[in-house]
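Okay, here's what each chain looks like letter by letter:
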Amino acid sequence: MRVLSAEDVRRTVPMSAAIDAVRDAFRELAAGNFVLPARQIFGDGTVLVMSAYHSPSGTAVVKKVGIALDQVPAIRATVIWTGGGEQLVADGSSITTLRTGAVVGVATDLLAPADASRLTLIGTGAQAPDQVRAVLAVRRIAAVTVTGRSADRAEALTRSLAAEFPDVKFTPSTSVDDAVADADIVCCATSSSTPLFDADALPERVHVNAIGAFRPTMRELPRDLLATASIVMVDQQEAALEESGEIIDAVQSGAVENLLELGPALSQPLNPTGRTVFKSVGIGAQDWAIAAALARA
């Protein structure tokens, strides 16, 4: 059995490789090559257990997640991958943030304007840096606005990201409306229970990613945005309709009738115009993708 730390995960699977691995996994998902049991949820979402079995390779992954929003980091997880007589145990927190960023990279590459140059990040928690890394991996971003409720945390994350990407201009902010007003891409990574902005605050042409709300009581996006977007994409419809507060609300209210799944979208022509949305709650195939990449390496 091999045990890998967070540093091992980061060193072995950079963001560009994670995006490729997750993209391939969603193609496999669309082809029917995964068995994905329903996510087990305990303690009102404080403990999650996710699993995935890849039929062609006979490999599987199980992840246990503990979530405490009042702690730093809020997510603590362990991933176990098995196959071919091998077993790998890896830091699940780094895999979770990496695969969540990677799926945003895949969706952004599909839906965001090709000439996008301005990114707004809303949220300064553990998931936030990989959102930026993923978007920068698929678009030539010149300026990033980092927005949070705490000016100190926004400034600290800005300094950290600026050191990592010296050719990109990073600006801290505490005003969401100001930050999204001229954005080409918006990434939401918060635990908010109410929408972070009004649809009217957004430009007419923008792509929005939302990965923070993972319970039916949580919501980052306004209903009006989902109702008027040219494309509303989810990682998996079944998971989104069970866990995503904004998607559940939009579908039940009739604001959204058609949800596009990421896997099938990878093999069909898309015509994203105006505003587009990608909502992810995370599925086991993403964890499998990163764990399989680690095992191969």
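Since this is a predicted model, take the numbers as computed values, not measurements. (Residues numbered from 1 in each chain as written. Predicted model: local features only at pLDDT ≥ 70, side-chain atom pairs only at ≥ 80, totals over all residues. Heavy atoms only, no water.)

Chemist: Requested: an account of the pattern of salt bridges, with residues and values cited.
Modeler: Across all of its chains, the model carries 18 salt bridges by this definition. Two residues, Arg133 and Asp130, come together in a salt bridge whose shortest N-O distance is 2.9 Å. With a gap of three residues between them, Arg133 and Asp130 both fall in helix α4 (residues 128–138), about one helical turn apart. Looking at Asp130, the relative accessible area reads 1%, which means it is buried. (Salt bridge = Lys/Arg side-chain N within 4 Å of Asp/Glu carboxyl O. Helix = DSSP H or I, 4+ residues; strand = E, 2+ residues; numbered from the N terminus. Buried < 20%, exposed > 50% of the residue type's maximum accessible area, 1.4 Å probe, protein only.)

Chemist: Could you give an account of helix α11 (residues 284–296), naming the residues involved and the relevant values?
Modeler: Here α11 is 13 residues long and its end C-alpha atoms lie 18 Å apart, about the 18 Å a rise of 1.5 Å per residue gives. Taking burial as the measure, the 13 residues of α11 include twelve buried ones, the bulk of the element. Gly284, Ala285, Gln286, Asp287, Trp288, Ala289, Ile290, Ala291, Ala292, Ala293, Leu294 and Ala295 are the residues of α11 that are buried. (Expected span 1.5 Å × (residues − 1).)

Chemist: Quick rundown of the nonpolar core? Include the residues and the values.
Modeler: Ranked by size, the top nonpolar core spans 67 residues in total, and within it Leu119, Val144, Trp288 and Leu294 carry the most contacts. Setting aside residues up to four positions removed in sequence, Leu294 forms contacts with Leu4, Asp8, Val9, Thr12, Val13, Leu88, Ala90 and Ile95. Core analysis: the next-biggest nonpolar cluster, separate from the first, contains 26 residues, Val186, Val234, Leu259 and Val277 among them. (Core = buried A, V, L, I, M, F, W, Y, C linked by side-chain atoms within 4.5 Å. Contact = heavy atoms within 4.5 Å.)

Chemist: Tell me what's going on with the layout of surface pockets, and back it up with residues and numbers.
Modeler: The volume enclosed by the largest pocket comes to roughly 1100 Å³. Lining of the largest pocket is provided by 46 residues; of these, Gly125, Ala126, Ala189, Thr190 and Ser191 occupy positions nearest its centre. Those elements that provide at least two residues to the lining of the largest pocket are β4 (47–54), β5 (59–67), α3 (92–111) and α4. In terms of residues, the lining of the largest pocket owes the most to one element, α3, which gives six residues. Split into classes, the residues belonging to the lining of the largest pocket amount to 18 nonpolar, 20 polar and eight charged. (1 Å grid on protein atoms, 1.4 Å probe; cavity = no way out; pocket = protein on both sides within 12 Å on 5 of 7 lines; lining within 4 Å. Points joined across faces, edges and corners; volume = space filled by probe spheres on them. Nonpolar A, V, L, I, M, F, W, Y, C, P; charged D, E, K, R; others polar.)

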